[in-house]
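An overview of the molecular structure
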Amino acid sequence: MRLHPLYLLLGAVALAGCATAPAPLEQMRLSDQAVDQARAIGATEDTAEFKLAVDKMAQARANVADQAYKQARLNAEQAELDARLAEAKVLTQKSQDQLTLANTRIDRLRKQLQEAK
Amino acid sequence: MNRFFLHRMLALAASAALGGCAASVAPTGVLQQAEQHYQAAHADADVQRLAPKDIARAEDSLQRARRLAGYWGSGDDALHYAYLSERYTEIARQHTSLALNQERLAKLDLDRQRLQLALRESQLASVRQQDQWVEDQIMSLTTTDADRGVVLTLGDVLFDSGDAELQPSANRTLLKLVQYLQANPARVIRIEGYTDNTGEQAFNLDLSKDRAQAVADMLVDLGIDEKRIDVHGYGDQYPVEANASERGRALNRRVEIVFSDRLGTLGPARD
């Protein structure tokens, strides 16, 4: 029996795409770092994006254990950006709070100045 | 097994293998949404100015998603990059808000400094006003003597006869004097004690010195540097009235405070 070479090629591509991707160690490290950094800034699992990041990293680790490396990379890549977004949101919220505080201070100063006049 | 059947089987197997790790249908809805969000952020001048890297990455991921959506069997990868693009767009938005807030904060900080300065100035102005009021009060109690300059006379109600202890009624005037001296830190004073002519001269001389010193001590207690205070006793010399009447003697029992000029120069002391 002779197989058409196209099927051999397709089979090889399919295998290469799914099974033989290397373990995404560098990406996992990057993503862990992003999660740690977001946590250090003050992100908690109350932030939806941060919870997503933590969950996806757990998933990525399970994928690595199952040698599902491509899925691990996808999860880790998404987790990295989820964590970065969570961090950005926390920082923006903090700056928003600072802004409110600064406005309150200025209002108070304005009032004092008016009374002083 | 005929050849045709084998071919069909293999074709199925190949597509199943690909399908196992990637959907074959391009997720156009998700992609369109990522595209829309990216375009909206891209058109925002603040995003361009404040988060150019993030928005460039959103574009990069979106292009990959578009490319992959065109390939048969890469649907999941397209979805993945569409997701990353959405995230980069959101991150760009957040970084832009953060930077805008920081710009506002910097501006508010300048406002705050300006207001604080204005407030401090207005407080200073009110202190100056009060100092002026005290100065007016003190000056209304003084006379200007041609030889000695500005002289404040503290009458005998400050002391009982023959006594150098200050009466509590002295406090009000002396407090004002302290305020005046604090507001005019270059000025120095000479405190001169005088008595009536009752009693012996030596005793009166000591008594006059003690009275002047009692006033000086009080000023020092209230925070005036003693280096600014010169103390003299003149006994019954230089009466302001004849000692013949009780009223005259009362006026002669006194302490006088001679002020220096603005630069701290006192006129010469009496002999």
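Each value, and the rule that gives it
Residues numbered from 1 in each chain as written. Chains lettered and ligands numbered in written order. Predicted model: local features only at pLDDT ≥ 70, side-chain atom pairs only at ≥ 80, totals over all residues. Helix = DSSP H or I, 4+ residues; strand = E, 2+ residues; numbered from the N terminus. Buried ≥ 20, exposed ≤ 12 C-beta atoms within 10 Å, placed from the backbone. Contact = placed C-beta atoms within 7 Å. Expected span 1.5 Å × (residues − 1). Arc of directions from axis to C-beta. Pairing = 2+ DSSP bridges. Axes fitted to C-alpha atoms, helices over the stretch in contact; angles between N-to-C directions. Core = buried A, V, L, I, M, F, W, Y, C linked by C-beta atoms within 7 Å. Parallel < 35°, antiparallel > 145°, perpendicular 65-115°, else oblique. Left-handed = near helix turned anticlockwise from the far one by under 90°. pLDDT = per-residue confidence, 0-100. Nonpolar A, V, L, I, M, F, W, Y, C, P; charged D, E, K, R; others polar.

It is worth spelling out the overall build of chain A at this point. Helices and strands together make up the secondary structure of chain A, namely four helices and zero strands. Secondary structure of chain A in N-to-C order comes out as α-α-α-α. Residue burial in chain A is summarised as follows: out of 117 residues, 32% are buried. For chain A, long-range pairs separated by at least 24 residues make up 71% of all intrachain contacts whose partners lie at least 6 apart in sequence.

Turning to the overall build of chain B, a few remarks are in order. Per the secondary structure count, chain B includes eight helices and five strands. The N-to-C order of helical and strand elements in chain B reads α-α-α-α-α-β-β-α-β-α-β-α-β. Looking at chain B residue by residue over its 271 residues, the buried ones come to 33%. The contacts in chain B between residues at least 6 apart in sequence include a share of 73% that link residues at least 24 apart.

Looking now at helix α4 (residues 52-70) of chain B. All names here are of chain B. Between the first and last C-alpha of α4 there are 27 Å, a value that for 19 residues agrees with the 27 Å anticipated at 1.5 Å per step. Within α4, burial applies to D54, I55, A58, S61, L62, A65, L68 and A69. Buried positions in α4, seen along its axis, are confined to an arc of 145 degrees and lie on one side of it. Residues of α4 that are exposed and point more than 90 degrees away from the buried face comprise P52, K53, Q63 and G70.

Before going further, it helps to examine the environment of G235(B). All names here are of chain B. For G235, the position within the fold is in the loop between β4 (229-233) and α8 (246-252). Taking the C-beta count within 10 Å as the criterion, G235 has 21 such neighbours and is therefore assigned buried. Along the chain, G235 and E200 lie 35 residues apart, while their C-alpha atoms are 9.4 Å from each other. For G235, the residues in contact, after removing those within four places along its chain, are T195, Q201, N204, L205 and S208.

The next subject is the sheet that holds strand β5 (residues 254-259) of chain B. All names here are of chain B. Read from one edge to the other, the open sheet built from five strands follows the order β1-β2-β5-β3-β4, with strand pairing classed as mixed. Strand pairing shows two members of the sheet lacking a second neighbour, β1 (142-145) and β4, which therefore form its edges. Across the sheet, the mean angle separating the axes of adjacent strands is 25 degrees when strand polarity is ignored. The sheet contact formed by strand β3 (residues 189-194) and β5 spans six bridges and is antiparallel. What sits directly across from Y194, in β5, is R254. Across the sheet, helix α7 (residues 201-221) lies against β2 (149-154), β3, β4 and β5, angled at about 160 degrees from β4, the strand it touches most.

For the rest of this paragraph, the subject is the nonpolar core. In terms of nonpolar packing, the biggest core is built from 40 residues, with A83(A), A86(A), A65(B), A78(B) and A92(B) touching the most fellow members. Listing elements by their share of this core, those giving two or more residues are α2 (25-41), α3 (48-65) and α4 (69-116) of chain A together with α2 (28-42), α4 and α5 (75-140) of chain B. No other element matches α4(A), which puts 10 residues into this core. For A83(A), the residues in contact, after removing those within four places along its chain, are S31(A), A34(A), V35(A), A38(A), F50(A) and A53(A). Listed in part, the 26 residues of the second largest apolar core include V134(B), L154(B), A170(B) and I229(B).

Relative orientation and spacing of two packed helices are given, respectively, by the angle between their axes and the distance between those axes. Residues and elements named next belong to chain B. Where α2 contacts α4, the axes come no closer than 10 Å and their chain directions differ by 155 degrees. Compared by their axis directions, α2 and α4 come out roughly antiparallel. For the element pair α2 and α4, the recorded crossing hand is left-handed. Facing α2, whose interface residues are L31, A34, E35, Y38, A41 and H42, α4 presents I55, A58, E59, L62, A65, R66 and A69.

Moving on to unusual backbone geometry. Backbone geometry places Q67(A), a non-glycine residue, at a positive phi of 60 degrees. The phi dihedral of Y238(B) is positive, around 50 degrees, even though this residue is not glycine. Tracing the backbone shows Y238(B) in the loop between β4 and α8. Assessed through the 13 C-beta atoms surrounding it within 10 Å, Y238(B) is described here as partly exposed.

Bringing the confidence of the model for chain B into the picture now. Scored by pLDDT, chain B has a mean of 86; 89% of the residues are at 70 or more. This stretch, residues 9-24 of chain B, has a pLDDT under 50; its non-local contacts, to residues over four places away or in other chains, come to 25 contacts.

Moving on, we come to the pairing of β2(B). All names here are of chain B. Judged from the four bridges that link them, β1 and β2 form a sheet pairing that is antiparallel. Across the sheet, residue T142 finds its bridge partner in β2, namely L152. The turn linking β1 back onto β2 is made up of three residues. Both β2 and β5 contribute to a ladder of four bridges, which runs antiparallel. Across the sheet, L154 pairs through a bridge with V255, a residue of β5.

Okay, the packing of α2(A) against α4(A) next. All names here are of chain A. α4 packs onto α2 with a crossing angle of 20 degrees between their chain directions and a minimal axis gap of 8 Å. For the element pair α2 / α4, the angle class is roughly parallel. Handedness of the crossing formed by α2 with α4: left-handed. Across from Q27, M28, L30, S31, A34, V35, Q37, A38 and I41 in α2, the residues of α4 making contact are R73, A76, E77, A79, E80, A83, R84, A86, E87, V90 and L91. Along the lines of polarity and charge, the residues of the contact of α2 with α4 split into 12 nonpolar, three polar and five charged.

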